[in-house]
Amino acid sequence: MELIVTEKNNAARRIADILSEGGASTDSVAGVNVYKWGGRRCIGLSGHVVGVDFPPEYSDWRDVEPAELVHADVVKEPTQEDIVNALQRLAREADDVVIATDYDREGELIGKEAYELVRDVNEDVPVKRVRFSSITDNEVRSAFADPDDIDFDLAAAGEARQIIDLMWGAALTRFLSLSARQMGEDFISVGRVQSPTLKLIVDKEREIEAFEPDDYWELFADLTKDDTTFEAQYFYEDEDGNEAERVWDEGDAEAAFATLQSASEAIVQSVSRRTRSDDPPAPFNTTQFIRAAGSLGYSAGRAMSIAEDLYTAGYITYPRTDNTVYPDDLDERELLAAFENTVFGDDAESLLDHDDLTPTEGDEETTDHPPIHPTTDFPNRNDLSEDEWEVYELVVRRFFATLAEPAVWEHLRVVADADGESLKANGKRLVERGYHAVYPYFNTSENYVPDVDEGDALALADPRMEAKQTQPPRRYGQSRLIETMESMGIGTKSTRHNTIEKLYDRGYIEDNPPRPTTLAKAVVEAAEEYADLVVSEGMTSELEADMTAIAEGEKTLDEVTAESREILDRVFDELTASRGEIGDHLRNSLKADKTLGPCPECGDTLLVRRSRTGSYFVGCDGYPECRFTLPLPSTGEPLVLDETCEEHDLHEVKMLAGRNTFVHGCPLCAAEEADESEDRVIGACPECGEEHGGELAIKQLQSGSRLVGCTRYPDCDYSLPLPRRGDIEVTDEYCEEHDLPELLVFDGEDDDDPWELGCPICNYEEYQERQRQKGLEVLDGIGPKTAEKLEDAGIEDVGDLTEADADALAEEVSGVSADSVREWQAKAD
DNA sequence: GCAAGGTC
């Protein structure tokens, strides 16, 4: 039997399909899909199925000096037992093994890992390697007709990366975490890719903080030819002889303004026309896809998650690619034709009308995967969610755009003179829509300037002088960050978006676009001071050079890792000498992220703290001497804002809870407001009214939440939820069933149209019923395996989860991603 | 429990 091993299940199925000419059947070996025909079996791995780690004696952080990890053994252990088992079971009976993993460095390493698993159980079976740059009939067949050998040097280059990343990452992560005494889930994480990325964000923030705005002025006036009026801007020639619009001196601006005010006309000095070609964009690689989806409002992680789903369903090609040149074997005309009878039919036909269909090309041409493009499988719109459809349409239209004509713009520039001061107007008109006709995602707004002639006298009216200030640099948005990472060569197409997610999870960045926390600044500072290499892109470029040397046989894995160990030893000499200092610095920063301001009771500092049960509250740093506390809302993760409350000098708090994120404000104000607000009694308590005379009242709690609760609390804890926002009005209408008044909620915007909440008991019952139905519906869509995992974690109803719960859940339940939980929640909405 | 890289 011949055993073929691929990098992923999808590739296994498609290769089996090609080699068997559609005759392969699907088998399950140890729960893993295996494709079978004639004397052949084909199994797909799931990327790396083994991973590197230190031996177990190094696993206790407190027992091991982090510097010891530099010289610890690095061992490989299976991480996907089921696939390893299936592979080895098949390998025992194999007479021949063919490694058909992806054609890149990581693919060579994954292939070598498979080779070693095969060797463990079958010492003699010949193992060959095939390489093809796309899974097409021709390429696959010719690769299999002429197999090659595994490139062990190339695989060793990948192994060196694994070892060095683990060694540096683990040793430094443990060192910083131990120094700051930050263990458990809030450890302080450092790594070759994440730390330089974090430095990018921190450096930008430093620029913003150091930025001092300059005042300047800009002047405008309206010019009219015949009945057409257009806006013109004042400009002058600066010291370097360049055209400038910003006037840096107020006196100069006012002088020019006075001239414009006294002038009643401007004489046209010059008119120039130019046509400009606006070329269609290159095919999508991962980064450019993320950028385009970002402009539609998708986060990088969400865009990739949707793309992966579309890929798995067969509607688009593999979304993780650096390639921006379509491969030779892609028949663009045939692919376009597949859209003829779809909603994209008109656009496809307009392109098919062209005799010449030459696609655009980007700079990067790699061989592992094609640029992202749609397949000939057209989805049924009802099978896709709205987001999925929107992203799919983007991919289709981008493919169209790469085959479309350039657009043509006509620029018209008019310069006029008003008593010695210059005014200009730049008009632009889209004369040929070109690719914009099929790709409507770019701005094509025009600016109309009428046809004028040299010497024309234009009426000048309404001169304006606008005072402005220079703006600080913009923060990196997620997609710009990913583009910068790509240009620096850090991370890979498959990991860059995960790195950003990781920075959020680790408490290094918050909000979108991401802002660094105080902790992030402290970690970057500590690294810059004692281990600069960790936050420099130099670490990656040196590693790349070393990996190339290993792949080309100029260096060995052992030489490269030994060099790296020596450098890391020296880093640790310095770190260890300053351990106390580093720890203090990190601890102070961690505290600063949680600091609210002065304690009203003792003057010490109020901090956001976490109780043993995991809930957040505000407590005094002077505890246990000072026992002052304030509650915080029960939903979400607290984030201390820059804004402070004037009355108490305390920072405001925002509760991050995904879609339900809200600003709680100053916790002391919230508590005082609750103390001052009177409970409004609305009826008898259904639980204890008859027996003890308990009554239901609308209450405002110190934590900011409101509820309908029993006046005998805490003896009776009967309660019903109320919305956090809006004024509640008690009406004269009573619910017949519960004998309680109907409630109205005025939520600011429209006083004429309040939310009719009704009887609070009926409302709560309806709410529970809705949640139950959503939960069931959503669970239906989850699939049996995941549902089982959720049940194991004690969760029966996804609809009940808050988004903060969802994140925790994703962490707890292995194999469930935060993204997918969010998706279920979106469905539950 | 640490990294980064595959894949789901």
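Residues numbered from 1 in each chain as written. Chains lettered and ligands numbered in written order. Predicted model: local features only at pLDDT ≥ 70, side-chain atom pairs only at ≥ 80, totals over all residues. Heavy atoms only, no water.

- Under an unreviewed UniProt entry, the name given to chain A is DNA topoisomerase 1, and the source organism is Halobacterium litoreum.
- Listed in UniProt under the heading Cofactor (unreviewed entry), the comment for chain A reads: "Mg(2+)".
- Of chain A, the UniProt comment under Sequence similarities (unreviewed entry) reads exactly: "Belongs to the type IA topoisomerase family." (UniProt positions renumbered as here; feature names shortened; annotations may be inferred.)

### Details of the side chain of H664
Argument step 1. Within the secondary structure, H664 sits in strand β24 (residues 662-665).
Argument step 2. When its relative accessible area of 11% is taken as the criterion, H664 is described as buried. (Helix = DSSP H or I, 4+ residues; strand = E, 2+ residues; numbered from the N terminus. Buried < 20%, exposed > 50% of the residue type's maximum accessible area, 1.4 Å probe, protein only.)

### Focus on the packing of helix α5 (residues 152-179) against helix α17 (residues 557-577)
Between two packed helices, both the angle of their axes relative to each other and the distance between the axes serve to describe the pair.
Argument step 1. Running from N to C, α5 and α17 cross one another at 10°; their axes reach a closest spacing of 10 Å. Taken together, the axis directions place α5 and α17 in an arrangement best described as roughly parallel. Seen along the crossing, α5 lies across α17 with a hand that is right-handed. Across from A156, E159, A160, I163, I164, M167, W168, A171, L172 and F175 in α5, the residues of α17 making contact are L557, V560, T561, S564, R565, I567, L568, V571, F572, L575 and T576.
Argument step 2. Of the residues assigned to the contact of α5 with α17, the class counts are 16 nonpolar, three polar and two charged. (Axes fitted to C-alpha atoms, helices over the stretch in contact; angles between N-to-C directions. Parallel < 35°, antiparallel > 145°, perpendicular 65-115°, else oblique. Left-handed = near helix turned anticlockwise from the far one by under 90°. Contact = heavy atoms within 4.5 Å. Nonpolar A, V, L, I, M, F, W, Y, C, P; charged D, E, K, R; others polar.)

### Digging into the packing of aromatic side chains
Argument step 1. Under the counting rule described, the total for this entry stands at 23 aromatic pairs.
Argument step 2. The interplanar angle of 55° and the centroid separation of 5.3 Å between the aromatic rings of Y216 and W248 together place this pair among those described as tilted. Here Y216 is found in strand β9 (residues 215-225), whereas its partner W248 is found in the loop between β11 (243-244) and α7 (250-262), with 32 residues between them in sequence.
Argument step 3. Given the relative accessible area of 6%, Y216 is considered buried.
Argument step 4. By relative accessible area, W248 is classed as partly exposed at 45%.
Argument step 5. Between the aromatic rings of Y435 and F442, the centroid separation amounts to 6.3 Å while the plane-to-plane angle is 85°, which identifies the pairing as edge-to-face.
Argument step 6. Overall, F442 belongs to the partly exposed group, its relative accessible area being 37%. (Phe/Tyr/Trp six-rings, centres within 6.5 Å; stacked < 30°, edge-to-face > 60°.)

### Overview of the pattern of salt bridges
Argument step 1. Under the counting rule described, the total for this entry stands at 47 salt bridges.
Argument step 2. When the shortest N-O distance is used, the salt bridge between E2 and R40 registers 2.8 Å. Here E2 is found in strand β1 (residues 2-6), whereas its partner R40 is found in strand β4 (residues 40-44), with 38 residues between them in sequence.
Argument step 3. By relative accessible area, which is 16% here, E2 ends up buried.
Argument step 4. Notably, a salt bridge pairs D60 with R62, separated by 3.9 Å at the nearest N-O pair.
Argument step 5. Taking relative accessible area as the criterion, D60 reaches 31% and is therefore assigned partly exposed.
Argument step 6. Taken together, the shared-partner salt bridges connect K76, K112, E116 and E159 into one network. (Salt bridge = Lys/Arg side-chain N within 4 Å of Asp/Glu carboxyl O.)

### Digging into the side chain of R565
Argument step 1. Residue placement: R565 occurs in helix α17.
Argument step 2. D558 provides the closest opposite charge to the buried, unpaired R565, separated from it by 6.5 Å.
Argument step 3. Setting aside residues no more than four positions away along its own chain, R565 makes contact with V70, H71, A72, V74, I163 and M167. (Lys, Arg positive; Asp, Glu negative; His and termini not counted.)

### Considerations on the protein's contact with DNA strand B
Argument step 1. Every one of the 40 residues lining DNA strand B counts as a neighbour, but R174, F187, S189, Y318 and T492 are closest to it.
Argument step 2. Among all atoms of DNA strand B positioned within 4 Å of the protein, those belonging to sugar or phosphate total 59%.
Argument step 3. Note that a phosphate oxygen of DNA strand B is positioned 3.1 Å from one of the side-chain N or O atoms of K8.
Argument step 4. Between DNA strand B and the protein, one listed contact pairs a phosphate oxygen with a backbone N or O atom of V193 at 2.8 Å.
Argument step 5. Counting residues per element, the ones that place at least two in the surface near DNA strand B are β5 (50-53) and α5.
Argument step 6. The element best represented in the surface near DNA strand B is α5, accounting for eight residues.
Argument step 7. Across the surface near DNA strand B, the residue classes tally to ten nonpolar, 16 polar and 14 charged. (Near = heavy atom within 4 Å. Polar contact = N/O pair within 3.5 Å; in protein donor to acceptor, adjacent residues only side chain to side chain.)

### Some remarks on the sheet that holds strand β26 (residues 695-700)
Argument step 1. Spatially, four strands are ordered β25-β26-β27-β28 in an open sheet, and the strand pairing comes out antiparallel. The open sheet terminates on both sides in strands that have one partner only, identified here as β25 (680-684) and β28 (719-721). Put simply, the sheet's adjacent strands are angled 25° from each other on average, direction ignored. (Pairing = 2+ DSSP bridges.)

### Section: the confidence of the model for chain A
Argument step 1. Per-residue confidence for chain A averages 89 on the pLDDT scale, and 91% of its residues sit at or above 70.
Argument step 2. Under a pLDDT of 50 for its full length, residues 807-817 has, in the predicted model, 18 contacts with residues more than four places off or in other chains. (pLDDT = per-residue confidence, 0-100.)

### Description of the UniProt feature "active site" (unreviewed entry) in chain A
Argument step 1. Following the UniProt record, one finds the feature "active site" (unreviewed entry) at Y318.
Argument step 2. Mapped onto the elements of the fold, Y318 is located in the loop between α9 (300-312) and α10 (332-337).
Argument step 3. A relative accessible area of 11% places Y318 in the buried class.
Argument step 4. Beyond its immediate chain neighbours, meaning those up to four positions away, Y318 contacts K8, Y311, H369 and I372.
Argument step 5. A distance of 3.2 Å separates a polar atom in the side chain of Y318 from a polar atom in the side chain of R320.

### A few points about the nonpolar core
Argument step 1. Residues W168, I188, F289, L336, Y392 and F400 are the most contacted members of the largest nonpolar core, which totals 100 residues.
Argument step 2. For this core, the element with the highest residue contribution is α5, accounting for 13 residues.
Argument step 3. Not counting residues up to four positions away in its chain, the partners in contact with F289 are F284, A303, M304, A307, I372, V391, L394 and V395.
Argument step 4. By size, the runner-up hydrophobic cluster in this structure holds 26 residues, among which are V49, V50, L87 and L117. (Core = buried A, V, L, I, M, F, W, Y, C linked by side-chain atoms within 4.5 Å.)

### Here's the deal with the pairing of β9
Argument step 1. Where burial is concerned, most of β9 is hidden: nine out of the eleven residues are buried.
Argument step 2. Inspection of the sheet shows β9 paired to strand β15 (residues 457-469) by nine bridges, in the antiparallel sense. Of the residues in β15, the one forming a bridge with D215 is Q469.
Argument step 3. With six bridges joining them, β9 and strand β10 (residues 228-237) adopt antiparallel strand pairing. Bridge pairing links K225 to T228 in β10.
Argument step 4. Counting the residues that bridge the hairpin from β9 to β10 gives two residues, and of these D226 lies at a positive phi of roughly 50°.

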